[in-house]
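Commentary on secondary and tertiary structure
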Amino acid sequence: MVGYENGSILLGEKSRVSEARTETQIMQPTATHIPFHKPYCAPAAEGYLRTTLQSGRWAGNGPFGQKCRQRLSQLFHGAAVFLTPSCTAALEMAAVILGIGPGDEVIVPAFTFVSSASAFALLGATPIFVDVEPSTLNLNPKLLESAISPRTKAIVPVHYAGVACDMEKIMKIAARHNLEVVEDNAHGLFGSLNGRSLGTFGSLSTLSFHETKNVSCGEGGALVVNRADWIERAEIAQEKGTNRSRFLMGLIDKYTWVSPGSSYLLSDLNSALLWANLEQMEHVQRHRTDLWNRYQTGLADWCSRLGIGQPFVPAGCQHPAHLYYLMLPDLEKRQQLMLYLREYNVQAAYHYQPLHSSPMGLRYGGQQSVCPVAEAAAARMLRLPLYAGLTHEDQARVVEVLLAWSGA
Ligand SMILES: Cc1ncc(COP(=O)(O)O)c(C=O)c1O
């Protein structure tokens, strides 16, 4: 059986690795199951949820929503922040704000979650898939210019694992061709490049608060609007295409349908949970970063001995320890290691399947084998457990189990 979790394919099928265990027979499978992920819930969440339930103020942009928006705005150098039901919804809002329509092209990395492309395709655009850099798995700027055509409207870089794309090059190319940049920053909250927060480079950027993210409210997201002159467009797009926000601010005496839009507000019940978790973000980030660093140093020698790749963080990039992955030499070894970990009650997960060769990607003109780095990442990557509730003891157990694997 194979299970899917937000684009990740989790460990499935019964183990076939008993023969790979000879050198590790002395080890006992862990008594406790170490999951790939567990969502964090701050202690204050229950109280905030009760407050919201009792207040009867459940709709979007309520008291907790406003607190979250203000806090997030501080993290994005004062940009306007709109809470949405998901990062996917925030990307759709971005597409509405840009006026995306049939005939437009939008450039996306081949190695990303489907929403980076589907949000624009929903309005009729054709996604153009560009391969990623082998070192960071981010959109490769060297391949960007040749993907631009007279129909290109926007570029959607994804800061994979919260490690910054080469924004200097991407922004230069975008400016040269008069293109908009929408940063899909689903992984990159708290990440920065040379001191500048990820999500503040493009005109628009998006966040995810899905339960797998560093800060979560179950399902949720945000659109960050870095252009003051687009704030009203965003308000309208979020309020079903109406000028209801201006009405609520007392600027007009009734509201009506004025442009394209949909229902893109996050309920205050979700915002209450989001606020409780945002309040704890320093503590959570400290622990996640510590766990990430322990994987990186604790596995370094073993990785180099077995030819396993570790994440690379370029100079100037501050990343938020969103995920930790290994790059196995090939698909077979990746499957072998995943099943071996399962034998020891450790759940690991691979990640995106390339978009260009997906059934929808092929319909948009994608072709097999044209983005070899994305294809290799899809086949070779294995992500390890990393979450706020992962104890040092459990992580040490994961490392111990890994170090006992000879790769034979
Ligand atoms: C890069 C990227 N963009 C967008 C999304 C979609 O996020 P959401 O589930 O909040 O819609 C994800 C989901 O994990 C993602 O990884």
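Here the structure is shown first, and the text comes after it.
Residues numbered from 1 in each chain as written. Predicted model: local features only at pLDDT ≥ 70, side-chain atom pairs only at ≥ 80, totals over all residues.

In this structure, histidine 77 takes a positive phi of about 55° despite not being glycine. Of the residues examined, histidine 77 has 12 C-beta atoms within 10 Å and is grouped as exposed. One non-glycine residue, serine 369, lies in the positive phi region at around 70°. Tracing the chain through its elements places serine 369 in the loop between helix H12 (359-363) and helix H13 (372-380). In this structure serine 369 comes out as exposed when scored by C-beta crowding, with 9 C-beta atoms within 10 Å. (Buried ≥ 20, exposed ≤ 12 C-beta atoms within 10 Å, placed from the backbone. Helix = DSSP H or I, 4+ residues; strand = E, 2+ residues; numbered from the N terminus.)

Adjacent strands of a sheet pair through backbone hydrogen bonds, lying either parallel or antiparallel. The 7 strands are arranged E3-E11-E10-E7-E6-E4-E5 in an open sheet whose pairing can be described as mixed. The open sheet terminates on both sides in strands that have one partner only, identified here as strand E3 (80-84) and strand E5 (126-130). The mean angle between the axes of side-by-side strands here comes to 25°, regardless of whether they run parallel or antiparallel. Packing of helix H2 (residues 63-75) onto the sheet brings it into contact with E3 and strand E11 (221-225), and relative to E3 it is tilted by some 135°. Each of E3 and E11 touches helix H6 (residues 231-238); the most contacted strand, E3, lies at about 10° to it. (Pairing = 2+ DSSP bridges. Axes fitted to C-alpha atoms, helices over the stretch in contact; angles between N-to-C directions. Contact = placed C-beta atoms within 7 Å.)

As a further point, take the nonpolar core. Of all hydrophobic cores here, the largest spans 117 residues; its most connected members are Met93, Ala94 and Leu223. Element by element, the count of residues in this core is highest for helix H3 (residues 87-97), at 9 residues. Lining this core are residues from two domains, each supplying at least three of them: domain 1 (3-41 + 281-403) and domain 2 (45-279). Ignoring anything within four residues of it in the chain, the contact list for methionine 93 reads Thr84, Leu223, Ala234, Ala237, Gln238 and Tyr264. (Core = buried A, V, L, I, M, F, W, Y, C linked by C-beta atoms within 7 Å. Domains from an automatic or database assignment.)

Where H3 meets H6, the closest approach of the two axes is 10 Å, and the angle between their N-to-C directions is 120°. With respect to each other, H3 and H6 are oriented oblique. By crossing handedness, the relation of H3 to H6 is classed as right-handed. Seen from H3, the contacting residues are Met93, Val96 and Ile97; seen from H6, they are Arg233, Ala234, Ala237 and Gln238. Each residue belonging to the contact of H3 with H6 can be placed in one class, and the counts come to 5 nonpolar, 1 polar and 1 charged. (Parallel < 35°, antiparallel > 145°, perpendicular 65-115°, else oblique. Left-handed = near helix turned anticlockwise from the far one by under 90°. Nonpolar A, V, L, I, M, F, W, Y, C, P; charged D, E, K, R; others polar.)

Let us look at the environment of arginine 334. In this fold, arginine 334 is placed in helix H11 (residues 331-343). By the C-beta count within 10 Å, which is 21 here, arginine 334 ends up buried. Sequence separation of arginine 334 and histidine 77 is 257 residues, and the distance between their C-alpha atoms is 41 Å. Discounting residues that sit within four places of it in the chain, arginine 334 has contacts with Leu328, Tyr350, Ala379, Arg380 and Leu382.

Strand order in the open sheet formed by 3 strands is E9-E8-E12, with antiparallel pairing between adjacent strands. Of all the strands in the sheet, just strand E9 (196-197) and strand E12 (317-318) have a single pairing partner and so form its edges. Two elements, strand E8 (residues 192-193) and E12, share 2 bridges in a ladder whose sense is antiparallel. Considered in E12, the bridge of serine 192 is made with glutamine 318.

Turning to the environment of threonine 152, a few remarks are in order. If you trace the backbone, threonine 152 turns up in strand E6 (residues 152-155). Those residues in contact with threonine 152 that lie beyond four places of it in its chain are Glu105, Ile107, His177 and Leu179.

Here we come to the pairing of strand E10 (residues 204-208). Of all 5 residues in E10, 5 are buried, a share of seventy percent or more. Where burial is concerned, the two faces of E10 agree: the one with Leu204, Thr206 and Ser208 and the one with Ser205 and Leu207 are both buried. Looking at chain direction, E10 and E11 are connected through 5 bridges and run antiparallel. Note that in E11 the partner of leucine 207 across the bridge is alanine 222.

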